[in-house]
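Examination of the molecular architecture
Next come the chains, spelled out residue by residue.
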Amino acid sequence: MLSRQAFRTGKTVASLLQTRSYHPKVIDHYQNPRNVGSFNKSLPNVGTGLVGAPACGDVMRLQIKVSDDGVIEDVKFKTFGCGSAIASSSYLTELVRGMTLEEAGQVKNTAIAKELSLPPVKLHCSMLAEDAIKSAIKDYRSKRATTTLGPEAA
């Protein structure tokens, strides 16, 4: 929507974001997103979270690469959505890198929203980011779960 408006008005997306009073941190993460990309989701040390917001159409995929001792050593994301959704994803990747899974699982959307100074109408973007990290951790843990069959199962 913003890019169409930029095309029609001849303004840059960045100038439209600024006129809509986005915080400079949102603009920075939108224009220079960190850690965009993906990992091979079939790797046993990669967890993938895919979440979406039907109300606005934002879709966020977050992937974590976890070390043997349970520390997030790398993070990648791909987000289709507004500037606030992209900024929330980008900031989250910086925030959780180096955290344990337990620490990353405690990240709240309010911390993301506060850091980026998101307005109330954009809080759902930070909620998506919180849901994405929790989903990625859940996916990682489901890959690591061992299923015991045979006499040991009893």
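Scoring rules and cut-offs
Residues numbered from 1 in each chain as written. Predicted model: local features only at pLDDT ≥ 70, side-chain atom pairs only at ≥ 80, totals over all residues. Heavy atoms only, no water. Salt bridge = Lys/Arg side-chain N within 4 Å of Asp/Glu carboxyl O. Helix = DSSP H or I, 4+ residues; strand = E, 2+ residues; numbered from the N terminus. Buried < 20%, exposed > 50% of the residue type's maximum accessible area, 1.4 Å probe, protein only. Core = buried A, V, L, I, M, F, W, Y, C linked by side-chain atoms within 4.5 Å. Contact = heavy atoms within 4.5 Å. Pairing = 2+ DSSP bridges. Axes fitted to C-alpha atoms, helices over the stretch in contact; angles between N-to-C directions. Polar contact = N/O pair within 3.5 Å; in protein donor to acceptor, adjacent residues only side chain to side chain. Parallel < 35°, antiparallel > 145°, perpendicular 65-115°, else oblique. Left-handed = near helix turned anticlockwise from the far one by under 90°. Nonpolar A, V, L, I, M, F, W, Y, C, P; charged D, E, K, R; others polar.

**Brief notes about the pattern of salt bridges**
Within the structure shown, the criterion is met by six salt bridges. Here Glu-115 ties to Lys-25 by a salt bridge, and the two come within 2.8 Å at their closest N and O atoms. Taken together, the residues span a long stretch of sequence, with Glu-115 in helix H6 (residues 109-116) and Lys-25 in helix H3 (residues 24-31) at a distance of 90 residues. Classification of Glu-115 as partly exposed rests on a relative accessible area of 29%.

**Focus: the nonpolar core**
Counting residues in hydrophobic clusters, the biggest one holds 32 residues, and the most contacted among them are Ile-64, Ile-72, Leu-92, Val-96 and Ile-133. Among the elements of the structure, H3, strand S1 (46-53), strand S2 (58-66), strand S3 (72-80), helix H4 (83-96), helix H5 (101-105), H6 and helix H7 (123-144) are those that each provide at least two residues to this core. Counting residues per element, this core draws most heavily on H7, at seven residues. When residues no more than four places from it in sequence are discounted, the contact partners of Leu-92 are Leu-62, Val-107, Ile-112, Ala-129 and Ile-133.

**Here's the deal with the sheet that holds S3**
With antiparallel pairing, three strands are arranged side by side in an open sheet as S1-S2-S3. Each edge of the sheet is formed by a strand with only one pairing partner; in this case those strands are S1 and S3. Pairs of neighbouring strands in the sheet enclose a mean axial angle of 15 degrees, with direction left out of account. In the sheet, S2 pairs with S3 via eight bridges, with the strands oriented antiparallel. Within the sheet, the bridge partner assigned to Met-60 lies in S3 and is Thr-79. On top of the sheet, H7 reaches S1, S2 and S3; it is set at about 145 degrees to S1, its chief contact.

**Topic: the pairing of S1**
Across the eight residues that make up S1, a large majority, six, are buried. In this structure, S1 lies alongside S2, joined through eight bridges in antiparallel fashion. Along S2, the bridge assignment pairs Gly-49 with Leu-62. Between S1 and S2, which follow one another and run antiparallel, lie four residues, and Gly-57 among them has a positive phi close to 90 degrees.

**A look at the environment of Thr-79**
Relative to the helices and strands, Thr-79 is located in strand S3. Within the local environment of Thr-79, its side chain forms a polar contact with the side chain of Ser-89, the two groups lying 2.7 Å apart.

**A few points about the packing of H4 against H7**
H7 packs onto H4 with a crossing angle of 40 degrees between their chain directions and a minimal axis gap of 8 Å. By the angle between their directions, the pair H4 and H7 is classed as oblique. With respect to the hand of their crossing, H4 and H7 are arranged in right-handed fashion. Contact residues: Ser-84, Ala-85, Ser-88, Leu-92 and Val-96 in H4; Cys-125, Ser-126, Ala-129 and Ile-133 in H7. The residue makeup of the contact of H4 with H7, split by class, is six nonpolar, three polar and no charged.

**Section: the packing of H4 against H6**
Running from amino to carboxyl end, H4 crosses H6 at an angle of 110 degrees, the nearest separation of the two axes being 10 Å. The orientation of H4 with respect to H6, classified from their angle, is roughly perpendicular. Residue-level inspection shows Ala-87, Ser-88, Tyr-91 and Leu-92 of H4 in contact with H6, the latter providing Ile-112, Glu-115 and Leu-116. For the contact of H4 with H6, the class distribution of residues is five nonpolar, one polar and one charged.

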